[in-house]
Amino acid sequence: MCSMTASIQNPEHLISLIWPEGMPDRERIVFEGLSSPKREAVLKRLEAVWRAENGEPWEPLATTVGLGRAAFYNLRRAWREQSLEGIIPYERRSARSLETPESAPIRHLARSILLNSELELSNSMAARRLLDEAGNDAAIGGSNQQTRIQWAERLIRHERRRLALDPQFLQRNFAKRIILDLTAIPIVMKGEEDLAVVAIVMDAASGLILGDCFGSIDDAIELELVATRNALNFVEDMRERENWGYTGYPDLDLILPPNSDRTNPPASLLAASRSLEIRPPGTYAYGQRIVQTVGPKIGRIPLAPRKTLSVERAKFARSRKTSVLDPVEASASWQREVLRHNEPILLAFEKTKSSQRQRCDNKLGALLFALAEFLISLPPD
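Cut-offs and rules
- Residues numbered from 1 in each chain as written.
- Predicted model: local features only at pLDDT ≥ 70, side-chain atom pairs only at ≥ 80, totals over all residues.
- Heavy atoms only, no water.
- Buried < 20%, exposed > 50% of the residue type's maximum accessible area, 1.4 Å probe, protein only.
- Helix = DSSP H or I, 4+ residues; strand = E, 2+ residues; numbered from the N terminus.
- Pairing = 2+ DSSP bridges.
- Contact = heavy atoms within 4.5 Å.
- Salt bridge = Lys/Arg side-chain N within 4 Å of Asp/Glu carboxyl O.

Draft legend 1. Structural view of the pairing of strand β4 (residues 209–215). Where burial is concerned, most of β4 is hidden: seven out of the seven residues are buried. Of the pairings in the sheet, the one linking strand β3 (residues 196–203) to β4 comprises six bridges and is antiparallel in character. For M202, the partnering residue across the bridge sits in β4 and is I209. Where β3 folds back on β4, the antiparallel hairpin that results is connected by five residues, among which G207 adopts a positive phi of roughly 75 degrees.

What follows is the structure, given as structure tokens:
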């Protein structure tokens, strides 16, 4: 067998030994989304656990990755249970919990507000309504109006996430409202001065990212178009595997790319949507629908919506951390966090399956097709 150093220098050889039929797509997304230093550490751990699982003595292998007996045992168990993601250093941190008990009346009230809002309330509006209706409920946190609103928004975000993992809610509400938005993120591609931007097509009920595209604000129309086409492919694949009960025309919430003021959509887009909201570009317009639907992060990447049009790196980096990556690494890092964001929702979708289900109709696909045609018609920046 080749030495560990040799395998790390040739990761594809190591990967071919572990996955003779090819690295699964999910594992490839996770692996390629790692930073270079972390990737090297993961390769060392990967080879060590793989050799141990194939009968080699554990002690010298544990030494090569700096772990004792108990820690190396836990690493091997994490590999068996979670595959590649289980052996990434500092990866398995639990999400911040909510102190308010699940049985608390205010949590039931928050969920009721969301369920009765037809997916149109933003987190901030839902939080204000929650405070108005809860009155002087002792469970409300915060010492002044601002901190009370912040507390309420956090509770609303938590209840949205719980709903997004509820199979019955997904079946009733998926594809009712679709969002296409643009937002900056704190990643800078090498050779660029501005923050990277992502276009996101999202289902409002679940927060599921149907399609996305990573790049520069200068290519905003193309980013939105590619994200929409990716969403079309994603939805067609979902129709083969999943089941959702809503069969009406979707609502569409669309943010226009910069320098575009066309608010007169074609008849085809109007016909494909139940209601249509087209928002003109502006510093306070971009990214807000995404943040108000799923919160301030996608996976572990923070969103920077107000910097979408004013995205100079030097000024932004004074107050917030940015990552400077080559374009391929930057895109891979983003894709990994999309996977992290989407996976729990897709697992919940698996539970909506029915043995007697029929193939879903394609009103969502028709909307996305009409949206793509509309974006193609926009003049270039």
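Draft legend 2. Spatial organisation of the pairing of strand β5 (residues 251–255). The element β5 is extensively covered by neighbouring structure, given that five of its five residues are classed as buried. Because side chains alternate across β5, one face comprises the buried residues D251, D253 and I255, and the other comprises L252 and L254, equally buried. With four bridges connecting them, strand β1 (residues 177–185) and β5 associate as parallel partners. Directly across from L180, in β5, lies its bridge partner L254. Bridging between β5 and strand β6 (residues 276–279) involves four bridges; their strand directions are parallel.

Draft legend 3. Representation of the side chain of T183. Counting through the fold element by element, T183 comes out in strand β1. In this structure T183 comes out as buried when scored by relative accessible area, which is 1%. Once you skip the residues sitting within four places of it in the chain, T183 turns out to touch A196, V197, V198, G287, L303, A304, P305 and T308.

Draft legend 4. View of the pattern of salt bridges. Tallied over the entire structure, the rule returns 24 salt bridges. For R177, the salt bridge goes to D251, with nearest N and O atoms at 3.7 Å. Note that R177 is positioned in strand β1 and D251 in strand β5, a separation of 74 residues in sequence. The shortest N-O distance in the salt bridge between R177 and D253 comes to 3.7 Å. You can see R177 sitting in strand β1 and its partner D253 sitting in strand β5, a full 76 residues away along the chain. Connected via shared salt-bridge partners are R26, E27, E85, R300, R336, E337, R340 and E343.

Remember, this is a structural readout, not a statement about activity or role.
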